[in-house]
Amino acid sequence: MRRPQLLLLALSVFVARHATAQDFSHDRFRQLDELLPTPNVYRTASGAPGHQYWQQQADHDIEVEIDDENQRIIGTEKITYTNNSPDTLRYLWVQLENNIFSPKSNGALASIAPSFSEDKLPFRTMSRLVAARDFDGSVHVTRIASSTGKPLPHRIVDTMMRIDLPTPLAPGQRISFHIDWNYDINDATTVRARTGYEYFEDDGNYIYELAHWFPRMASYTDYAGWQNKSFIGSGEFTLEFGDYDVAITVPADHVVAATGVLQNPDEVLEQSWRRRLREAESADELVFIVTPEEAEANEKSRSTEKKTWRFHAENVRDFAFASSRKFIWDAWLHDMNGHRVWAMSAYPKEAEPLWSKYSTHAIIHTLDVYSRYTFRYPYPVAWSVNGPVGGMEYPMICFNGPRTEDDGTYTDQSTSSKDGKYWNRSKYGLISVIIHEVGHNYFPMIVNSDERQWTWMDEGLNTFLQSLAEQEWEEGYPSRRGEPKDIVEYMTSENQVPIMTNSESVIQFGSNAYGKPATALNVLRSTVMGEELFDEAFREFARRWQFKRPEPADFFRTMEDASAVDLDWFWRGWFYTTDHVDIAVTGVRLHTVNTEDPDIEKPRQESEREEEPTTRRESWHASAAKRVDRYPELKDFYNEFDELDVTPQDREKFEELMAKLEDDEAALLGNTLNFYVIDFENLGGLVMPLILDVTYDGTDTERVRIPAEIWRRDARRTSKLFMTDREITAVALDPQLETADSDRNNNHWPAKAVPSRFKLFKEEKKKNAMQLAAEAEAEASTSATTSKDER
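Remarks on the overall build of the protein
Point 1. For the protein, the count of helices and strands is 21 helices and 30 strands.
Point 2. Counting across all 791 residues of the protein, residues that qualify as buried make up 54%.
Point 3. In the protein, the share of contacts with a sequence separation of at least 24, taken over all contacts with a separation of at least 6, comes to 76%.
Point 4. In the form shown here, the protein has an accessible surface area of approximately 37200 Å², with 48% of it arising from carbon and sulfur atoms.

With respect to the packing of helix α9 (residues 456-471) against helix α12 (residues 531-545)
Point 1. Relative to each other, α9 and α12 sit at 140°, their axes nearing to 14 Å. Taken together, the axes of α9 and α12 lie oblique to each other. The way α9 lies across α12 gives a crossing that is left-handed. Taking contact as the criterion, the partners of M457, L461, F464 and L465 in α9 are, on α12, F534, F538 and F541.
Point 2. Among the residues forming the contact of α9 with α12, the class breakdown is seven nonpolar, no polar and no charged.

What to know about unusual backbone geometry
Point 1. Cis rather than trans, the peptide bond between E352 and P353 has omega equal to 5°.
Point 2. For P353, the position within the fold is in the loop between β20 (339-347) and α7 (354-373).
Point 3. For the bond running from W749 to P750, omega is -10°, close enough to zero to count as cis.
Point 4. With phi around 70°, M396 is a residue other than glycine that occupies positive phi space.
Point 5. Residue placement: M396 occurs in the loop between β22 (391-394) and β23 (397-400).

Quick look at the sheet that holds strand β29 (residues 728-733)
Point 1. With antiparallel pairing, the four strands of this open sheet are ordered in space as β27-β26-β29-β30. The open sheet terminates on both sides in strands that have one partner only, identified here as β27 (700-706) and β30 (748-749).
Point 2. As paired elements, strand β26 (residues 690-696) and β27 share seven bridges and run antiparallel to each other. Within the sheet, the bridge partner assigned to T695 lies in β27 and is T701.

Here's the deal with the sheet that holds strand β25 (residues 674-682)
The pairing of strands in a sheet happens through backbone hydrogen bonds and is either parallel or antiparallel.
Point 1. If you walk across this open sheet you meet the three strands as β24-β25-β28, and the pairing is antiparallel. This sheet does not close on itself; its edge strands, each paired only once, are β24 (583-591) and β28 (717-724). Direction aside, the axes of adjacent strands within the sheet are offset by 20° on average.
Point 2. Alignment of β25 against β28, held across eight bridges, turns out to be antiparallel. Residue pairing in the sheet places D679 in a bridge with S719 of β28.

Quick look at the nonpolar core
Point 1. Membership of the largest hydrophobic core comes to 192 residues, with the highest contact counts inside it found for W213, F321, F555, W574 and F575.
Point 2. For this core, the leading source of residues is α7, giving ten residues.

Considering helix α5 (residues 271-280)
Point 1. Of all the residues in α5, the buried ones are W273, R276, L277 and A280. The buried residues of α5 occupy an angular sector of 105° when projected down its axis, which confines them to one face. α5 presents Q271 and R278 as exposed residues on the side facing more than 90 degrees away from its buried surface.
Point 2. Of the surrounding secondary structure, the elements contacted by the buried residues of α5 are β14 (255-258), α4 (265-268), β16 (287-290), α6 (292-298), β19 (328-336) and β20.

Concerning the environment of E314
Point 1. Examined against the element boundaries, E314 turns out to sit in strand β17 (residues 306-316).
Point 2. Separated by 54 residues in sequence, E314 and G260 have C-alpha atoms that sit 7.5 Å apart.
Point 3. Residues within four places of E314 in sequence aside, it is in contact with G242, D243 and Y379.

Parameters and conventions
Residues numbered from 1 in each chain as written. Predicted model: local features only at pLDDT ≥ 70, side-chain atom pairs only at ≥ 80, totals over all residues. Heavy atoms only, no water. Helix = DSSP H or I, 4+ residues; strand = E, 2+ residues; numbered from the N terminus. Buried < 20%, exposed > 50% of the residue type's maximum accessible area, 1.4 Å probe, protein only. Contact = heavy atoms within 4.5 Å. Areas by Shrake-Rupley, 256 points an atom, 1.4 Å probe, with all protein chains shown as cover. Axes fitted to C-alpha atoms, helices over the stretch in contact; angles between N-to-C directions. Parallel < 35°, antiparallel > 145°, perpendicular 65-115°, else oblique. Left-handed = near helix turned anticlockwise from the far one by under 90°. Nonpolar A, V, L, I, M, F, W, Y, C, P; charged D, E, K, R; others polar. Pairing = 2+ DSSP bridges. Core = buried A, V, L, I, M, F, W, Y, C linked by side-chain atoms within 4.5 Å. Arc of directions from axis to C-beta.

What follows is the structure in structure tokens.
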């Protein structure tokens, strides 16, 4: 870990431990200057790239073959590396992420043991544990040589490989070198990962979805030097942009989907497929390039010939591909304001009828919505491929898992439609995962954040945009994340870390890196900044950093720079602490102006006195004999005098007061406004704006929005004054559930109970929740690289 990142992580942990809901000693509005890196010529104080911003370039020329008989990868590549930094480099670091499948890798050795409940373990979990133990997918590097063929010294360190250069690489210079390698491909249904194959026993075929399959350059950055942390499983990939020429050799009856544009369609595509592609260029609907019937016939073939598919991709940070003879292939050429993009899907018959109905539509929907909030999608292709990987993203291509059941239904036995098909989990699961994974083209494939360090910068930002795209799909779309009320349980849970935590140290991964940052941005957009201002600032961040590598500080600073809104309190609370939102309405006090006129004030006081209830003590003693009644001589003037009687002296004092006042001052004594002071208490620690519904005279309700700065003097308690000529009869805090307030019972004046219902059940001997949770955890722990969709 680099020293600035280590310091930042230490500060984050310190803040999380000491800035609890009970600790109000620190300033919630203190600026983040001491936490954010100092601006420089590479990254400015405004959050924009500096005038000397630089990044490296890594171009790849690759030849790879899938050994379909033995499920192996055999590859050779030439990497051309351009040193755009101001530093001289004496060695290079190359990533070998597939080494995570070595039994001796840090990812394997540091994997957390599954939880065994009552000495029971599901067969499927045991099968995966054994498969992971027996499989060795280590990368075998067979040659590293210079462009002249001279061997280069190198050292493999877990999932990283250092190549020592014969002469130092000076700023502005470039070097080319060659690497040959091979490895065994994992069965992704047992050794769960972001890559691998799936075997179909019924027809004896495979689907290959291949990622982090080739040696690729580690990133060298202005803020951390070499990003050469090992790949353990959660922290994903930090990569350089470059151009790719990739030749993929597969059985001749395979169909290949990949990053980039196919360069030799006449050599690898059937004549009918090429014809349909030409027809699709002018079609206004989805076109099957490989029809379901052709795919089913194709999967019965076993060609002994091979074909090489050649792809070219410009300015991408990675390359992935999928290959199978089972693929149905559909396509739609989508016009994005003059930029035409091929939206395409590849899937086996086992995914039908779900995929042909929704996949390509979901791609196009994602490109349209995301482009509106960021920048126009720049690439020529966007693929969605069904296979064994639940959900994972790469430039121009993503792998998505949801399928129909064996009987063709969409699944989820809790919600059936009239025709007997189940529409809930598989349908919306597929649409959501495609939106999410296609959306990753924007973050981090183009806005190229450091995933090995900060998961939230790609997952959180993307999940936020996913929630917006889902709500534009249909009314009432069942989004899993984004609504503030849905994050309450996590934010009030134990065993949390701040969002600003290194990827490998995140606890409750999905809620921390996906759900909480997505919710935070929804709150920031709708409640703090307003939709239009937020959208302008967010679009500016995306525009500034497309095809560049932003850090968290660049995002925080740009959002403030483009909006003129001080958001340090928001970043500090939501991203650097584990505080939650719980704000209570603790009281409403009414004040009116004292007119000082005794003929008005004393009758009013007398009326108030008469309305006071008789105390129990007064009632008890009321009938008791009084001494002054037995001895009247003890009475004097004060026994008859009422201090609320108006006297001549009272009137004289009032006239003297009025004589001293200016006309405008005297007029204020006749003010009839009601001065209500509403008191609030911050119980959760996280300061937030106050959104109030104030009801007047029991009929009219006004929505009042008070910025978070009302807490700037005291983060524990604050008050707000309302001046009105009407009576305030009710106050409701956060009426539309905007702020993730954890306790709605204290959000009302007068107090109002939030209703709930008991669900009765019959006790019986069965697995309890802890046992079920333990089994689920055991299953999830069978691999250090569980798919992101499952996480």
